[in-house]
Amino acid sequence: MAEKTTRVSGKVAPLRKARPCPECGKPSARDHYPFCSDRCRTLDLSRWLNGSYAIPVADDESSADPEDGNA
Ligand SMILES: [Zn+2]
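Residues numbered from 1 in each chain as written. Predicted model: local features only at pLDDT ≥ 70, side-chain atom pairs only at ≥ 80, totals over all residues.

Caption draft 1: Structural detail: the overall build of the protein. When helices and strands are tallied, the protein shows one helix and zero strands. Sorting the 71 residues of the protein into buried and exposed places 8% on the buried side. The long-range fraction of contacts in the protein, counting pairs at least 24 apart against all pairs at least 6 apart in sequence, stands at 0%. (Helix = DSSP H or I, 4+ residues; strand = E, 2+ residues; numbered from the N terminus. Buried ≥ 20, exposed ≤ 12 C-beta atoms within 10 Å, placed from the backbone. Contact = placed C-beta atoms within 7 Å.)

Printed below as a string of structure tokens:
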């Protein structure tokens, strides 16, 4: 069930525990959560993008025929 209040009146406690940066293991910074710095965030992002781009594309021109089989 959902809680009635998400914030305790007069007391704002940080719900997020400090977790280590997934890139370098340092304590994460608030501004770059969950990373410790913008550099690590960029690193992770670039690696993620590189991984996507690294996916081999089917470069078979024979199968790239939109007219084929479309009567
Ligand atoms: Zn880091």
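Caption draft 2: Highlighting the UniProt feature "binding site: Zn(2+)" (unreviewed entry) in the protein. According to UniProt, the "binding site: Zn(2+)" (unreviewed entry) feature falls on Cys21, Cys24, Cys36 and Cys40. For this annotated set, covering 20 residues, all C-alpha atoms fall within 8.1 Å of each other, a compact arrangement in space. Relative to the assigned elements, Cys24 resides in the segment before helix H1 (38-53). Overall, the presence of 12 C-beta atoms within 10 Å leaves Cys24 in the exposed class. Sequence-distant contacts of Cys24, defined by excluding residues within four places in its chain, comprise Cys36 and Cys40. Relative to the helices and strands, Cys36 is located in the segment before H1. For Cys36, the residues in contact, after removing those within four places along its chain, are Cys21, Cys24, Lys26, Pro27, Ser28 and Ala29. (UniProt positions renumbered as here; feature names shortened; annotations may be inferred.)

Caption draft 3: Structural context of unusual backbone geometry. Residue Pro34 follows Tyr33 across a cis peptide bond; omega there is 0°. Inspection of the secondary structure puts Pro34 in the segment before H1.

Caption draft 4: Quick look at the environment of Cys40. For Cys40, the position within the fold is in helix H1. For the pair Cys40 and Pro22, spaced 18 residues apart in the sequence, the C-alpha separation amounts to 8.4 Å.

Caption draft 5: Structural context of the environment of Arg41. Secondary-structure assignment places Arg41 in helix H1. Through-space distance from the C-alpha of Arg41 to that of Cys21 is 9.1 Å; in sequence the pair is 20 residues apart.

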